[in-house]
Amino acid sequence: MIFLKTQEEIELLRESNQLVGRTLGEVSKHICPGISTLELDKIAEDFIRSNGGIPGFLGYGGFPNTLCISVNDEVVHGIPSSRRLEEGDVVSVDCGVVKNGFYGDSAYTFAVGEISDEVKKLLQVTKDSLYKGIEQAVAGMRIGDIGYAVQSYAEANGFSVVRELVGHGVGKNLHEEPQVPNYGRRGQGCKLKIGMVIAIEPMINLGARNVFQMADGWTIKTRDHLPAAHFEHTLAIRKGEADILSTFEYIEDRKL
């Protein structure tokens with residue numbers, strides 16, 4: 001069932017998503033060679049709690065941490081650990097927050113120091129594909145229009161789209177209907193309506209689209225072990241133009 005949100009509820013969702021954006025901005029200050037992913041997780045948890053929020057991922061379905069931190073060939077759902085980042089890594093940070101009873105959800109992929117031009121392009125194309133999808137996320141369009149926009153842009157640039165994981169509705173629950181695939185056909189899927197709030201989150205691989213789940217039950221990796229990237233915004237459906245509730249403004253001074 002799809003829950004349409006009132007304007008008051010959308011503003012509460014905006015507050016939660018803005019806290020996610022600020023948290024990602026805080027984490028971004030500390031991303032450098034030598035820091036462990038568990039240290040980044042602690043920074044995020046402390047920041048969220050000190051700003052009146054609750055970590056949205058911690059304990060969700062049994063997930064043990066505040067952030068999903070996925071490095072290099074880890075696509076999503078990486079579990080923070082003692083692993084230390086190294087020069088040339090790429091690290092995707094996915095963050096969820098609960099505030100005022102509503103979830104916020106957003107993700108960003110960072111370069112750790114200098115990365116190759118090929119991987120730099122992967123990050124840029126993945127981020128651009130997110131905005132291509134957002135352009136289609138307006139009342140009267142369909143879910144397939146979003147997926148088609150993401151898929152066609154990513155594949156035209158030589159990259160592949162993960163099929164096993166998708167975006168989703170966001171509200172009082174982290175994952176609500178509808179599912180929002182990053183692939184699809186124009187004019188297919190449910191119609192977008194004012195009051196819908198969805199997360200669009202392209203997961204794009206440098207190599208083939210095939211992935212597998214590690215023995216920890218969470219981490220998703222590329223089967224060919226080439227790098228992946230992940231960017232995500234939560235937005236409300238409007239007429240004419242989507243209302244992006246999350247933000248990258250606190251981290252956009254970082255260079256891809």
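Sequence order as written defines residue numbering, which begins from 1 separately in each chain. The predicted origin of the model limits local features to residues at a pLDDT of at least 70 and limits the giving and counting of side-chain atom pairs to 80 or more, whereas totals for whole chains, interfaces and linings rest on all residues. Hydrogens and water molecules were not included; the side-chain quantities draw on all heavy atoms of the structure.

Going by the annotation in an unreviewed UniProt entry, the name recorded for the chain is Methionine aminopeptidase, with Butyricimonas faecihominis given as the source organism. UniProt positions are given in the numbering used here, feature names are shortened, and annotations may be inferred rather than shown by experiment. Database annotation for the chain, UniProt heading Subunit (unreviewed entry): "Monomer." According to UniProt, the comment filed for the chain under the heading Function (unreviewed entry) is "Removes the N-terminal methionine from nascent proteins. The N-terminal methionine is often cleaved when the second residue in the primary sequence is small and uncharged (Met-Ala-, Cys, Gly, Pro, Ser, Thr, or Val). Requires deformylation of the N(alpha)-formylated initiator methionine before it can be hydrolyzed."

Engineer: Please explain the overall build of the chain as it appears in this structure.
Structural biologist: Per the convention used, a helix needs a DSSP run of H or I reaching at least four residues, while a strand needs a run of E reaching at least two, with both numbered from the N terminus. Within the chain, the regular secondary structure consists of four helices and 15 strands. Viewed in the frame of its principal axes, the chain has a C-alpha envelope of about 45 × 45 × 35 Å. When accessible area is computed with a 1.4 Å probe and restricted to protein chains, residues below 20% of their type maximum are described as buried, those above 50% as exposed, and intermediate ones as partly exposed. A total of 256 residues make up the chain; the buried ones form 55% of that total. The accessible surface values rely on the Shrake-Rupley method and a 1.4 Å probe; as for residues, cover is taken only from the protein chains in view. Counting every atom, the chain has about 10500 Å² of accessible surface; 48% of that belongs to carbon and sulfur.

Engineer: I tried to follow the packing of aromatic side chains on my own but got confused; where do I start?
Structural biologist: Here a ring pair, both rings aromatic, is described through the centre-centre distance and the interplanar angle of the planes. Stacked, tilted and edge-to-face pairs are distinguished by plane angle, under 30 degrees for stacked and over 60 for edge-to-face with tilted covering the rest, among Phe, Tyr and Trp rings (Trp via its six-membered ring) whose centres lie within 6.5 Å. Summed over all chains, the structure comprises five aromatic pairs. Judged by centre distance (5.1 Å) and plane angle (80°), the ring pair of Phe63 and Trp218 falls under edge-to-face. Of this pair, Phe63 sits in the loop between strand E1 (54-55) and strand E2 (67-71) while Trp218 sits in the loop between strand E11 (211-213) and strand E12 (220-222); the two residues are 155 residues apart in sequence, bridging distant segments of the chain. Residue Phe63 is classed as buried on the basis of its relative accessible area of 3%. Geometrically, the ring pair formed by Tyr108 and Phe231 is edge-to-face, given 4.8 Å between the ring centres and 70° between the ring planes. One end of the pair, Tyr108, is in strand E5 (residues 102-111); the other, Phe231, is in the loop between strand E13 (228-230) and strand E14 (233-236), and 123 residues separate them in sequence. For the pair shown, Tyr108 and Phe231 are each scored as buried. What links up through ring pairs into an aromatic cluster is the set Tyr108, Phe110, Phe231 and Phe248. When the NZ atom of lysine or the CZ atom of arginine is within 6 Å of a ring's centre and also within 35 degrees of its normal, the charge is said to sit over that ring. Stacked on the ring of Tyr183, the Lys or Arg Arg163 has its end atom at 4.7 Å from the ring centre.

Engineer: Help me understand the pattern of salt bridges in this model?
Structural biologist: Side-chain pairing between opposite charges can occur once the charged atoms of the two side chains come close. Here, a salt bridge means any side-chain nitrogen of Lys or Arg that lies within 4 Å of a carboxyl oxygen of Asp or Glu. By the definition in use, this model includes 13 salt bridges. The partner of Asp243 in a salt bridge is Arg14, with the nearest N and O atoms 2.8 Å apart. Of the two residues, Asp243 is situated in strand E15 (residues 243-244) and Arg14 in helix H1 (residues 7-28); the sequence distance between them amounts to 229 residues. Taking relative accessible area as the criterion, Asp243 reaches 17% and is therefore assigned buried.

Engineer: Sorry if this is basic, but what is going on with the side chain of Asp243 here?
Structural biologist: Here a polar contact is recorded for every N or O atom pair within 3.5 Å, except that within protein the pair must consist of a potential hydrogen donor and a potential acceptor, and residues adjacent in sequence are included only if both atoms are side-chain atoms. Within the local environment of Asp243, its side chain forms a polar contact with the side chain of Arg14, the two groups lying 2.8 Å apart. Setting aside anything within four residues of it in sequence, one finds Asp243 in contact with Arg14, Thr234, Leu235, Ala236 and Arg238. A contact between two residues is defined here by any heavy atoms of the two lying within 4.5 Å.

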